[in-house]
Amino acid sequence: MNSEAVSTAWGKIQAMTNSLIALLPNLVLALIVFAIFWFAAVAFKSVVKRLTRRHRQARNLGLVLGRLSQGVVILIGLFVALSIVIPSFKAGDLVQLLGISGVAIGFAFRDILQNFLAGILILLTEPFQIDDQIVFKNFEGTVEEIQTRATTIRTYDGRRVVIPNSELFTNSVTVNTSWEKRRLQYDVGIGYGDDIDRVKQLIMEAIANLEDVLKEPAPDALVMELAESTVNIRVRWWINPPRRAEALDTRDKILTAIKNKLTANGIDLPFPTQQILFHDQTEETDGDRSHQREGWPAGNKDVPNSRSISGSLRKLVEMRAQRDGNGNG
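Described below are features of the structure shown in this document. (Residues numbered from 1 in each chain as written. Predicted model: local features only at pLDDT ≥ 70, side-chain atom pairs only at ≥ 80, totals over all residues. Heavy atoms only, no water.)

Some thoughts on the pattern of salt bridges
Side-chain pairs of opposite charge can arise whenever the charged atoms involved come near each other.
In step 1: According to the stated counting rule, one finds 9 salt bridges in the structure shown.
In step 2: Among the salt bridges present, the one from R234 reaches D187, with a minimum N-O distance of 2.8 Å. Linking R234 in strand β8 (residues 231–239) with D187 in strand β6 (residues 182–190), this pair joins segments that are 47 residues apart in sequence.
In step 3: A relative accessible area of 22% places R234 in the partly exposed class.
In step 4: Classification of D187 as partly exposed rests on a relative accessible area of 33%.
In step 5: A cluster of three or more residues bridged by salt bridges with shared partners is formed by E144, R154 and R160. (Salt bridge = Lys/Arg side-chain N within 4 Å of Asp/Glu carboxyl O. Helix = DSSP H or I, 4+ residues; strand = E, 2+ residues; numbered from the N terminus. Buried < 20%, exposed > 50% of the residue type's maximum accessible area, 1.4 Å probe, protein only.)

Considering the sheet that holds strand β7 (residues 220–226)
In step 1: Taken in spatial order, the 3 strands make up an open sheet running β6-β8-β7, and their pairing is antiparallel. In this open sheet, the two edge strands, each paired with only one partner strand, are β6 and β7. For this sheet, the mean angle separating the axes of adjacent strands, direction not counted, is 25°.
In step 2: Here β7 pairs with β8 via 6 bridges, running antiparallel. When the sheet's bridge partners are listed, L222 is paired in β8 with R234.
In step 3: Across the sheet, helix α6 (residues 196–208) lies against β6, β7 and β8, angled at about 25° from β8, the strand it touches most. (Pairing = 2+ DSSP bridges. Axes fitted to C-alpha atoms, helices over the stretch in contact; angles between N-to-C directions. Contact = heavy atoms within 4.5 Å.)

Side note on unusual backbone geometry
In step 1: In this model, E216 is joined to P217 through a cis peptide bond whose omega is 0°.
In step 2: Structurally, P217 can be placed in the loop between α6 and β7.
In step 3: The omega torsion of the bond from N240 to P241 falls at 5°, within 30 degrees of zero and hence cis.
In step 4: For P241, the location among the structural elements is in the loop between β8 and α7 (244–264).
In step 5: Phi at E126 takes a positive value of approximately 55°, unusual for a residue other than glycine.
In step 6: Relative to the helices and strands, E126 resides in the loop between α4 (110–125) and β1 (133–136).

Written out as structure tokens, the structure reads:
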């Protein structure tokens, strides 16, 4: 009984060994074929990256296309290798299996797939590019890399922010460097007693000699608001290039030049002030109270009679004397 079991097991081992030996040439051939496809995929990826490296707009798109092409070539090599090892294997069977499991994978990795598709669309439509300076929600910085899952930006204070591509694709993004020129502005407050036309002239003279301010389009100054304490004049100017460093440098020069120019010519740059009234303007010293006054509306209606402290005290004495007289009677 034991000898028969041993002989049966030995026979199975020999059969498996013979099958493996017979399959060994196919395994070696499959490994060689797969290695060829592997090196071909790496070479294809390098070619795509080399072709797009010189073009700034297509640099990151070429990187993504290189990765995708590498994956496709490796997948084809895997199918060919399996067909050599297992002659009965059909690529359609594997595709069908992947299709069935793809539904479950799609639900499990929905966010990853959403970011991947958004990344591909961003790379194709190019709303912004590498080295652009963008503003997204509370983040502002320079685009370092656009990957298939997320986009990396470097903030101006030296931090790295990784933003999922789905959020960038479905929300508003401000691109500060999309055009060669950029307009900046600042509101300057002057006193109500200052001559507005003269102030505008002084402002234009202050920034006329600054090299960083473009002559075309020309800078301008517009009255924008009659505020509580000031008349606000908005100064607008254009710069090139439109990057953050140039914007801050130009802003510093312009504000310094405007402040020095206005103060040198006696223009008031007032602080916020507030007036508080502690009376109701019904005293005799308030004058004609039918006209517009602080705290009292103008109009054709009757206004209260004027009052004074002495008159109020006299009336109070009379009221008390009358009350005492009635009590004695």
